[in-house]
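Close look at the chain arrangement
One-letter residues, chain by chain:
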Amino acid sequence: MARILPVPSFDCVVFGATGDLTMRKLLPSLYNRFRDRQFGTDSRIIAAARGALTADEYRGRAEAALRLHVPPDSLEPDTVAQFLRLLHYSQVDGAGDTGWKALVDDLDTRPAQVRPFYLATSPDLYGSICARLAAQGGIHPLSRVVLEKPLGRDLASARAINEAVGAVVPEAQIFRIDHYLGKETVQNLLALRFANPIFQRLWNADVIDHVQITVAETVGVEGRGGYYDRSGALRDMVQNHMLQLLCLLAMESPVSLDADAVRDEKLKVLRALKPIAPREAAHFAIRGQYGAGAVEGHPVPGYLADLGMAGEGLTETFVALKAQVNSWRWASVPFYMRTGKRLPRKVSEIMVQFRTPPFSIFPAEPTDQPNRLLIRLQPEEGIRLDMMTKEPGPGGLRLRPTGLDISFEKTFGQRYPDAYERLLMDVVRGNQTLFMRRDEVEAAWTWVQPLLDAWADKPEAPRPYPAGSWGPTAAIALIERDGRTWYE
Ligand code: BG6
C-alpha cells in the first residue's frame, strides 16, 4: 500500500497560472495530493498571471480544469470546494514591474511557510522573474524555484538562464524539473539496477549487445504548435527526457540516494557521451516530420496542416539517434533512441538486448532470438525478460521465446500518482534527487548542440513520414546498417 507522508505547509506561487501546463498538470496534481491529505488547509496556492482576474474567477477556471483533467470518481464535491479555497490570485506582470511588491508582502505575512515558486512560463522569463522576486526580498531560505523544461533552446541560452537565475537563487534552492524522473517506472530503473545484484553483474558490454529507448506518441502538436514549432523533437524530448533515461540506464551505482550522489553519476554519463561532430550528424541522427496519415484507425492531417500552415516546415517531429557512451562499461554498446509524434502507438519503452550465445548446440530455427529485457515505462508498466525455452511435448527439441513478465498493475494494483504529483511534493520537502543540476542540463545541451548546429547549417526539410508509421525509412536504416532492428 502507498504511504502518504505529509509535507510541511507551503505557499506555492505559480507563474503562468492561466497556461496549459498549470491547468492540465499542476492543478490536478496538487488536487490529488490534497485529496490524499498530503497537505492540508493551512497551505495556499497563489496563482500569478498578467490578466486582471478575481480569485473567484480564477477558481472558476481551476474548477473547469479539474473537471477536464481529473477522473470524475476522484472529484468529491467537498474536497474540490476545500481545494478551491486554497487558491488565491495575484496579478503580476512576469515581464514588467507591476504586482511584485503586493505578492511578496502577502507571502511575508506567513514567513514560516515553505515557499515554492513554480515558473510555468516561457524560459525567457526565468531570469527576470527571479531577479524581480529577489529585488523585493521574496527569496528566503524556505524559497524554492522550480524551472520547467526546456531550459533554453541551445547551450548558450541555457547557460544564460542558469547564470541569471543562479545570480539571485542558490543552486540548492533551484529545482529543474524533468517530469520523466517523476514517473514511477523511471524511478524503478534505480530499483531494478541497484537492488538486484543479478542485473548488476550483467550490465556491461561483455553481456549487453545494445540498448534501445523508444518514446512514441500518437498525438500531434495538440494546440501547442506555437511552442513546438520553435522547439522540435530534439529539444522537446531528447535533450531532457531521453537523455535522462539514458543516464539512469548507463550510470554507475551512486554512493547513496542523496541528490548530489545521484546527479554526480548522471553527469559522468552525459560527459562520457561520444560527441557527434556536425559533419557526422546525418550518420548518427535522423529527423523526420509527419505528413497526413492515419493513427489508430483515424485519419489525421500532417504537421503543417496541424499548424494551419504557419510553420516554416523545418521542425522535426521525429528523431532517431545512435549514441555511444565512452566508458569501460559501455565501450562498443550503442544506445539507439527514437521519439516522435503521430507514431502508431503511445509507448515508452527501454529494450536491453543481450549478446547471442557464442555458439548454439540447438538446430537454428527462425524463432531464435537473443535474451531481451524490456522495461515498459508506459502504458502497462512492467518488466519482461525474454528467454528461450524448450517447447513442451514431443517432436524434437524445439526452442520458443517466452517472457518472464511482471505487470506492475497486476502486482501492485493501484493508481500511480502522476509524475508531477511526486515532483511537486519533493519540491516542498526540498529533495532535489529527481531534479536536474545546472551542470547536468548544460552537459546535455553540450551533446545536443552540434546536431542543432548541423541542422541549422543545412536547413533541408526533415524526412517525411506518414502519420501512423514508425518514422522515416532512414530511421530504420540507421539501426539496420549495424545489423540490428528496432524492437516492435
Ligand atoms: C513533454 C513534451 O515534456 O512530454 C511533450 O513537451 C510530450 O511534447 C510530453 O508530449 C510527453 O510526456 P508523457 O508523460 O505523456 O510521456
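Look up: the structure comes first, before these words.
What comes next is a walk through the structure. (Residues numbered from 1 in each chain as written. Predicted model: local features only at pLDDT ≥ 70, side-chain atom pairs only at ≥ 80, totals over all residues. Heavy atoms only, no water.)

Taken N-terminus to C-terminus, the directions of helix α10 (residues 233-250) and helix α16 (residues 438-457) make an angle of 140°; their axes are 10 Å apart at the nearest point. Comparing the axis directions of α10 and α16 gives the class oblique. By crossing handedness, the relation of α10 to α16 is classed as right-handed. Listed contacts from α16 to L234, R235, Q239, L243 and Q244 of α10 are E440, V441, A444, W445, W447, V448, L451, L452 and W455. Taken together, the residues that form the contact of α10 with α16 break down as 10 nonpolar, two polar and two charged. (Axes fitted to C-alpha atoms, helices over the stretch in contact; angles between N-to-C directions. Helix = DSSP H or I, 4+ residues; strand = E, 2+ residues; numbered from the N terminus. Parallel < 35°, antiparallel > 145°, perpendicular 65-115°, else oblique. Left-handed = near helix turned anticlockwise from the far one by under 90°. Contact = heavy atoms within 4.5 Å. Nonpolar A, V, L, I, M, F, W, Y, C, P; charged D, E, K, R; others polar.)

Further remarks concern the site of the ligand. By nearness alone, every residue bordering the ligand is listed as K149, H179, Y180, K183, E217, R224, D236, M237, H241, K341, K346 and Q378. Side-chain polar atom of E217 to an oxygen atom of the ligand: 2.5 Å apart, as the coordinates give it. At 3.0 Å, a side-chain N or O of K346 approaches an oxygen atom of the ligand. Considering the ligand on its own, with 400 Å² of exposed area, one finds that the protein chains cover 82% of that surface. Considering every element that reaches the shell around the ligand, the biggest residue donor is α10, with three residues. Grouping the amino acids of the shell around the ligand by side-chain chemistry returns two nonpolar, three polar and seven charged. (Near = heavy atom within 4 Å. Polar contact = N/O pair within 3.5 Å; in protein donor to acceptor, adjacent residues only side chain to side chain. Areas by Shrake-Rupley, 256 points an atom, 1.4 Å probe, with all protein chains shown as cover.)

Attention now goes to the nonpolar core. Judged by nonpolar contacts, the single largest core of 150 residues is most densely connected at F15, Y58, F83, Y118, L246 and F335. Here this core gets 12 residues from one element, more than from any other, and that element is α10. Ignoring anything within four residues of it in the chain, the contact list for F15 reads A48, V92, W100, L103, F117, Y118, L119, A120, T121, I129 and L133. (Core = buried A, V, L, I, M, F, W, Y, C linked by side-chain atoms within 4.5 Å. Buried < 20%, exposed > 50% of the residue type's maximum accessible area, 1.4 Å probe, protein only.)

Quick look at a nonpolar patch on the surface now. Nonpolar side chains collect at one region of the surface, where F359, I361, F362 and L397 lie side by side and expose about 450 Å² of accessible area between them. Along the chain, F362 falls in the loop between β13 (347-354) and β14 (372-378). Looking at F362, the relative accessible area reads 32%, which means it is partly exposed. (Patch = residues over 30% accessible without salt bridge, like charges linked within 9 Å, V, L, I, M, F, W, Y side chains within 5 Å. Salt bridge = Lys/Arg side-chain N within 4 Å of Asp/Glu carboxyl O.)

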